[in-house]
Amino acid sequence: MPNSDILIPPYGGALVDLNPPAEEREELRLRSSMLRSIQVSDRSVCDLELLATGGFSPLDRFMGKSDYQSVLGQMRLANGCLFPVPILLPVDADSKPRLDEEIVLRDSRNLPLAVMRIEEVFPWDLDECAAQFLGTRDERHPLVAEMYRWGKLAVSGPLRLLALPYHPDFRSLRLTPEQVRRDLARRGRPQVVAFQTRNPLHRVHEELTCRAINETDGTLLLHPVVGMTKPGDVDHYTRVRAYMALTSEYYDPERVLLSLLPLAMRLAGPREALWHAIIRRNYGANHLIVGRDHAGPGSDSKGKPFYPPYSAQDLVEQYAGETGVKPIPFTEMVYLPDEDRYEEVSRVEPGVKTMSLSGTQVRDQYLNKGMSLPAWFTRPEVAEILSSRHPARHRQGFCLWFTGLSGAGKSTISEMLTVMLLERGIQVTVLDGDVVRTHLSKGLGFSREDRDTNIRRIGFVAAEIVRHGGRVICAAVSPYRSTRNDARNMVGRENFIEIFVDTPLEVCEQRDTKGMYAKARRGEIKGFTGIDDPYEPPARPELTIKTVEQPPEQAAQSIIEHLVGQGLLLG
């Protein structure tokens, strides 16, 4: 057996293991069949897997109230141990969790995963969590938008594993912390550099990781996230295929280990980077490559980055003595064509010819145009995988999301737009709010919860259509920003176009042939948007249409022009 003592010990001294001994396993399985169940989210399933296998050591359960509050305010568990990310198990009040009750946690397919004995039930506050943990309440942050659909209670208590979540894909690469530590120890090198990645690897990443291996005389733990990443990221099947091609052809097999991490990212910037360092220590790494804007969610509703670009590197460096994990900054590198090599920008002599491509250039100048990436930028194996998965921009699906008050003109404009797209030979699916309520959301009322459920159903269907290259028009009041942003995240930001049909309330009332506004004014209808329930206008929609100034045909034509400008339609 390899001597794992050569590696940095797990955070807290030992890996948590929630798998019961063999003699208890059958008794637990039989008992669980008699217990009440709670179905948990995909995010909680990811968290449960890493709790059970020790990836979150020393944490051995979803956080109770004291740990949760301490992590929010101090980035520490109640016992003082550094831990920057709250790990909650939110549940709906309708599930009626009871203290000292044993419950079974099940995934979305209703498979039993673990038994929990409930020791705590407590409310958590969205605004408090968002402000203290993420540093923002802006609903353009993907996690803020998602938190609106979490249950308002949190439960905590000891866990016993029934079964790890089932992953049929890349089975040989799904290694637990213990398995990774064993493999790394076998290689005999105490220095381990972890590379956190949720994107394809190009030549510059290859160069950076190889330099890190050589400078530390260590091993590279190539540890891509395959749980939940940033909305719109390249799917993990494509990424992992590219990682496999790279590691088999361009790395010393004794100096690299590819293993998949079933992590649900929070996109919490600097706090998340520090959390990644702790997780990688549990897998045996004592160095972490930290990129610019590491774990950043993109731009806020004002178009500004949520976090400063180097704050993640600074925070990991600040706590390196406590975590035992040293950051290796991802320095900017450029290609020197005359020498066929990459070099750090700071070391390039003035006048030397350099080449580089930004992520935007990769997308807009190559992949969106159906062109292969150049060999100096990425390996041919990776270029082929990406090209096969990423169709040209005009062949990609998109979602046009109309939002505005009832009577604003959403359906009228969408009907006109549908005709214009069909004239161009573009097939389109229309998800009208009234029609969806009849067929997909029959039985839902008009409470905020039911409205959110209705909009998320539309968003889910739209996301599936877009994922398969289809075009979809969604026309629904969708009054709440958080839910619209949730739909944006489901579809993917690059292919979601929010269209605010901005029509004054008094004009909408004049157009109301059904008399709904009049009934709401008389109090015959409660919770009517614009009367006694708020409409939250988009902060930064892709398009705004003022129907008092633009007739429907002109408005639809402006949308066509926007699609052409975005490359989603050919001119």
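Before reading on, note that the structure itself is shown above.
Residues numbered from 1 in each chain as written. Predicted model: local features only at pLDDT ≥ 70, side-chain atom pairs only at ≥ 80, totals over all residues. Heavy atoms only, no water.

A.B. asks: Please set out the pattern of salt bridges residue by residue, giving values where relevant.
C.D. replies: Scanning all chains against the criterion turns up 42 salt bridges. Arg31 is the salt-bridge partner of Glu27, the closest N and O atoms lying 2.7 Å from each other. Taken as a pair, Glu27 and Arg31 lie in helix α1 (residues 22-32) at a separation of four residues, close to a single helical turn. For Glu27, a relative accessible area of 42% translates into the label partly exposed. Judged by relative accessible area, Arg31 falls into the partly exposed class, the value being 28%. Each of Glu207, Arg211, Glu339, Arg341, Glu343 and Glu344 takes part in one network of salt bridges that share partners. (Salt bridge = Lys/Arg side-chain N within 4 Å of Asp/Glu carboxyl O. Helix = DSSP H or I, 4+ residues; strand = E, 2+ residues; numbered from the N terminus. Buried < 20%, exposed > 50% of the residue type's maximum accessible area, 1.4 Å probe, protein only.)

A.B. asks: Explain unusual backbone geometry residue by residue, including any values.
C.D. replies: Between Ser57 and the following residue, Pro58, the backbone shows a cis peptide bond with an omega angle of 10 degrees. Note on placement: Pro58 falls in the loop between α2 (42-53) and α3 (65-74). At Asp100, a position not held by glycine, the phi torsion is positive, near 70 degrees. Mapped onto the elements, Asp100 comes out in the loop between β2 (90-91) and β3 (102-106). On the basis of relative accessible area, Asp100 is assigned to the exposed category, the value being 59%. One non-glycine residue, Asn110, lies in the positive phi region at around 70 degrees. With respect to the secondary-structure elements, Asn110 resides in the loop between β3 and β4 (112-117). Note on Asn110: relative accessible area 44%, which makes it partly exposed.

A.B. asks: I'd like to hear about the nonpolar core, residue by residue, with values.
C.D. replies: Soluble globular proteins: nonpolar side chains tend toward being buried together. Core analysis: the largest hydrophobic core is formed by 82 residues, its most contacted members being Phe56, Phe62, Ile87, Met116, Trp124, Met147 and Leu263. At six residues, helix α9 (residues 270-282) tops the list of elements feeding residues into this core. Beyond its immediate stretch of four places on either side in the chain, Phe56 contacts Asp47, Leu50, Leu51, Phe83, Ile87, Leu263, Trp275, Ile279 and Asn282. Of all hydrophobic cores here, the second largest spans 36 residues; its members include Phe195, Leu258, Met333 and Tyr335. (Core = buried A, V, L, I, M, F, W, Y, C linked by side-chain atoms within 4.5 Å. Contact = heavy atoms within 4.5 Å.)

A.B. asks: Now, about the packing of aromatic side chains: what can you tell me, with residues and values included?
C.D. replies: Evaluation of the coordinates by the stated rule reveals 11 aromatic pairs. Ring centres of Phe56 and Trp275 lie 5.4 Å apart, and the angle between their planes is 40 degrees; on these two criteria the pair is classed as tilted. Taken together, the positions of Phe56 in the loop between α2 and α3 and Trp275 in helix α9 put the pair 219 residues apart, joining distant regions of the chain. Phe56 sits in the buried class, given a relative accessible area of 0%. On the basis of relative accessibility, which here comes to 0%, the residue Trp275 falls in the buried class. Aromatic pair Trp376 and Phe377: ring centres 5.9 Å apart, planes at 80 degrees, arrangement edge-to-face. Both residues of the pair, Trp376 and Phe377, belong to the buried class. The structure contains a cluster of three or more aromatic residues connected by ring pairs, namely Tyr335, Tyr342, Trp376 and Phe377. Between Arg379 and the ring centre of Tyr250, over which it is positioned, the NZ or CZ distance is 4.0 Å. Over the ring of Tyr480 we find Arg448; its NZ or CZ atom is 3.8 Å from the centre of that ring. (Phe/Tyr/Trp six-rings, centres within 6.5 Å; stacked < 30°, edge-to-face > 60°. Lys NZ or Arg CZ within 6 Å of the ring centre and 35° of its normal.)

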